[in-house]
There are 2 protein chains.
Amino acid sequence: MFVALRRSLFNNRELNKIYTQFASTNSTTTKTKFGVFSSKTHWNLSYSTTCNMSKTALVILAPGSEEMEFVIAADVLRRAGVKVTVAGLAGVDAVQCSRDVCIVPDTSLDIAKGGLYDAIVLPGGLGGAKAMSESAELGALLKEQEAAGRIVAAICAAPTALLAHGIGSGKNLTSYPSVKDKLVDTYKYVDDQKVVQDGNLITSRGPGTAFDFGLKLAEVLAGADKAKEVAKGMLLA
Amino acid sequence: MFVALRRSLFNNRELNKIYTQFASTNSTTTKTKFGVFSSKTHWNLSYSTTCNMSKTALVILAPGSEEMEFVIAADVLRRAGVKVTVAGLAGVDAVQCSRDVCIVPDTSLDIAKGGLYDAIVLPGGLGGAKAMSESAELGALLKEQEAAGRIVAAICAAPTALLAHGIGSGKNLTSYPSVKDKLVDTYKYVDDQKVVQDGNLITSRGPGTAFDFGLKLAEVLAGADKAKEVAKGMLLA
């Protein structure tokens, strides 16, 4: 029943409204890898979680996000078998990205924040990074993610959102070169690598490194063999 | 007035309905680089076309299109200053791509086909290529594009749509390797290049060559210097 409900939710975004009502009318909630549910459904969910070994990723989509960085991360992870949820920072409506491509999120951050995710991924784009920096809701989720030792990943200008929310301070990190100056005092800035991993913090530099970023996340979440298989299928290996 | 109208159209997709009514209620029409308009507005349009030297591209978005190939082509061309129109093959509604990313087109093919474009670009994805192969409307537009000597471009599985519509027969071409067998009898198939240009036909192989494909189109439409500038901004040069 849970699997069918979840499939319906992600196949038909209109049903998010029903899901929102479902989540909000139950005061006693349980966080799972797939969302917030009432205590009544806890045992069913535990069973679902046990039977489903796929890793999960939450990819944030904000107005002004760089559409290539967003879509490469989401697509590469889905090719690797990771269950990706695309959450609109500002809600469930279509999001206008940095080069005017309009993308419809799977759900809103407000709904998605109730779930647990193996990785939270922030695409770049100056406008998107600014919006993510200003979101207290995202900041709280990132702090919870970091405290639990789960993966936080950001590319291009998005590491400035990590800075804004105090995530990963003191760690090795990279970004789009134009925002380096903002980051050098708080992080050990790395200039010469396409992707930098320091524990559970994974960062990258721009559209031209987005495939490397997606494949590093695929490797960490789904294993090196799966990442190689995905790279081969995309004609990158 | 025309420029303002066009800007509004592309800033607010809802206004496509008004545009559709506008186009359909005028029986005498003039094809321009920006759409179909009545003879009454012809002189205004000629003036607009003369004053605006930007090249134009129509990027087709079909159910099952590969979202990375689509978005990289559209984004790279917009970075190069090319005026990109994203046309939904099946209408103006959001399109579910091959890895479940949902993208809202700027307009429908039915509306966009009235315009003239310096390039028509077909992203890959097996489902998207099949839908494009079966579209008589797209076939007619591609034939017109080829006959006028303007650019036709396709990546990954989309060259099979060129085959279906009899475009570029006998020319050098490449594609995603898995569809090579369908193409070798009609085209001079090229295995060892990321992008193949033969006159006004430009083809490429898959997600891993999508940046090369976008940058080749940028070079052809906006010049080598602009393409290099775009590549540098994306950290690809």
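Right, let's walk through the structure included here. Nothing here was measured: the structure is a model prediction, and the numbers come from that model.

Turning to the sheet that holds strand S9 (residues 151-155) of chain A, a few remarks are in order. All names here are of chain A. What the seven strands build is an open sheet, ordered S7-S4-S3-S8-S9-S13-S12; its pairing is mixed. Two strands bound the open sheet, and with one partner strand each, they are strand S7 (107-108) and strand S12 (195-198). Sheet topology places strand S3 (residues 56-61) next to strand S4 (residues 83-88); six bridges connect them, and they run parallel. The partner of Leu61 across the bridge, within S4, is Gly88. Strands in contact with helix H10 (residues 210-222) are S3, strand S8 (119-122), S9, S12 and strand S13 (201-204); relative to S9, the strand with the most contacts, it is inclined by about 170°.

Its rotation angle being 180°, the transformation that places chain A on chain B also includes 0.0 Å of axial translation and leaves an RMSD of 0.0 Å. On this basis, the relationship between the two copies can be described by a two-fold rotation axis. Relative to the rotation axis, the C-alpha of Ile103 of chain A is the closest in chain A, positioned 2.2 Å from it. When the interface residues of chain A are mapped onto chain B, 100% of them are again interface residues, pointing to one common binding face.

Here we come to the packing of helix H10 (residues 210-222) of chain B against helix H11 (residues 224-233) of chain B. All names here are of chain B. Contact geometry of H10 with H11 gives a least axis separation of 7 Å together with a crossing angle of 145°. Crossing hand, H10 versus H11: right-handed. Two secondary-structure elements touch here, H10 through Leu215, Ala218, Glu219 and Ala222 and H11 through Ala224, Lys226, Ala227, Val230 and Ala231. Class assignment for the residues of the contact of H10 with H11 results in seven nonpolar, no polar and two charged.

Residues and elements named next belong to chain A. In terms of burial, S9 is largely enclosed, as five of its five residues are buried. Alternating positions in S9 separate into two faces, Ile151, Ala153 and Ile155 on one and Val152 and Ala154 on the other, with burial throughout. Sheet topology places S8 next to S9; four bridges connect them, and they run parallel. If you follow Ala119 over to S9, its bridge partner there is Ile151.

This next bit is on helix H6 (residues 126-133) of chain B. All names here are of chain B. Residues of H6 that are buried: Gly128, Ala129 and Met132. The buried side chains of H6 occupy one side of the element, clustering within an arc of 100° when seen end-on. Among the exposed residues of H6, those pointing more than 90 degrees away from its buried face are Leu126 and Lys130. On its buried face, H6 sits against strand S3 (56-61), strand S8 (119-122), helix H7 (136-147) and helix H8 (159-164).

All names here are of chain A. The residue Cys156 is not glycine, and still its phi comes out positive at about 65°. Mapped onto the elements, Cys156 comes out in the loop between S9 and helix H8 (159-164). By relative accessible area, Cys156 is classed as buried at 8%.

Moving on: the side chain of Thr174 of chain A. Residue and element names in this part refer to chain A. Along the chain, Thr174 turns up in the loop between strand S10 (172-173) and helix H9 (180-183). Among the polar contacts listed, one links the side chain of Thr174 to the backbone oxygen of Val190, at a separation of 2.8 Å. Once residues within four sequence positions are removed from consideration, Thr174 is found in contact with Pro159, Tyr189, Val190, Gln193, Lys194, Val196, Thr203, Ser204 and Arg205.

Moving on, we get to the packing of aromatic side chains. This structure, assessed with the given rule, holds one aromatic pair over all chains. Summarising the aromatic geometry, the rings of Phe211 of chain A and Phe211 of chain B are spaced 6.2 Å apart at their centres and angled 90° between planes, so their arrangement reads as edge-to-face. You can see Phe211 of chain A sitting in helix H10 and its partner Phe211 of chain B sitting in helix H10, one on each of two chains. Each member of the pair, Phe211 of chain A as well as Phe211 of chain B, carries the same accessibility label: buried.

Grouped together as the largest cluster of nonpolar side chains are 77 residues, with contacts concentrated most on Ile72 of chain A together with Ile72 of chain B. Setting aside residues no more than four positions away along its own chain, Ile72 of chain A makes contact with Ala210 and Phe211 of chain A together with Met68, Ile72 and Phe211 of chain B. Counting residues in each nonpolar core, the second largest holds 29 residues, with Leu58, Ala62, Leu138 and Tyr187 of chain A among its members.

Opposite the 31 residues of chain A that make contact, chain B presents 31 residues. Carbon and sulfur atoms make up 65% of the area that chain A and chain B hide from each other, which totals about 2,700 Å². It is Met68, Arg99 and Leu235 of chain A in chain A that bury the most area against chain B; as a group they hold 22% of the surface buried on that side. Viewed at the interface, chain B and chain A are joined by two salt bridges. Residue Glu66 of chain B pairs with Arg79 of chain A through a salt bridge whose shortest N-O separation is 2.9 Å. At the boundary of chain A and chain B, one finds 10 residue pairs in polar contact (both at pLDDT 80 or more). At the level of secondary structure, the elements contributing two or more residues to the side of chain A that touches chain B comprise helix H4 (67-79) and strand S6 (102-104) of chain A. If one sorts the elements of the side of chain A that touches chain B by residue count, H4 of chain A sits on top with 10 residues. Per-class residue counts for the side of chain A that touches chain B are 18 nonpolar, three polar and 10 charged. As paired elements, S6 of chain A and strand S6 (residues 102-104) of chain B share three bridges and run antiparallel to each other. Bridge pairing links Val104 of chain A to Cys102 of chain B in S6 of chain B.

Below, the discussion takes up the sheet that holds strand S9 (residues 151-155) of chain B. Strand pairing in a sheet is mediated by backbone hydrogen bonds. Such pairs are either parallel or antiparallel. The mixed open sheet is built from seven strands, whose spatial order is S7-S4-S3-S8-S9-S13-S12 (chain B). Edge strands, defined here as strands with exactly one partner in the open sheet, are strand S7 (107-108) and strand S12 (195-198) of chain B.

Bringing the side chain of Asp106 of chain B into the picture now. Residue and element names in this part refer to chain B. With respect to the helices and strands, the residue Asp106 is situated in the loop between S6 and S7. Asp106 gets classed as buried once you look at its relative accessible area, which sits at 4%. Within the structure, the side chain of Asp106 is placed 2.9 Å from the side chain of Arg78, a separation counted as a polar contact.

Conventions and cut-offs
- Residues numbered from 1 in each chain as written.
- Chains lettered and ligands numbered in written order.
- Predicted model: local features only at pLDDT ≥ 70, side-chain atom pairs only at ≥ 80, totals over all residues.
- Heavy atoms only, no water.
- Pairing = 2+ DSSP bridges.
- Helix = DSSP H or I, 4+ residues; strand = E, 2+ residues; numbered from the N terminus.
- Contact = heavy atoms within 4.5 Å.
- Axes fitted to C-alpha atoms, helices over the stretch in contact; angles between N-to-C directions.
- Least-squares fit on C-alpha atoms with pLDDT ≥ 70 in both.
- Left-handed = near helix turned anticlockwise from the far one by under 90°.
- Nonpolar A, V, L, I, M, F, W, Y, C, P; charged D, E, K, R; others polar.
- Buried < 20%, exposed > 50% of the residue type's maximum accessible area, 1.4 Å probe, protein only.
- Arc of directions from axis to C-beta.
- Polar contact = N/O pair within 3.5 Å; in protein donor to acceptor, adjacent residues only side chain to side chain.
- Phe/Tyr/Trp six-rings, centres within 6.5 Å; stacked < 30°, edge-to-face > 60°.
- Core = buried A, V, L, I, M, F, W, Y, C linked by side-chain atoms within 4.5 Å.
- Buried area = accessible area lost by both parts, 1.4 Å probe.
- Salt bridge = Lys/Arg side-chain N within 4 Å of Asp/Glu carboxyl O.

No statement about biological role is implied by the geometric values presented.
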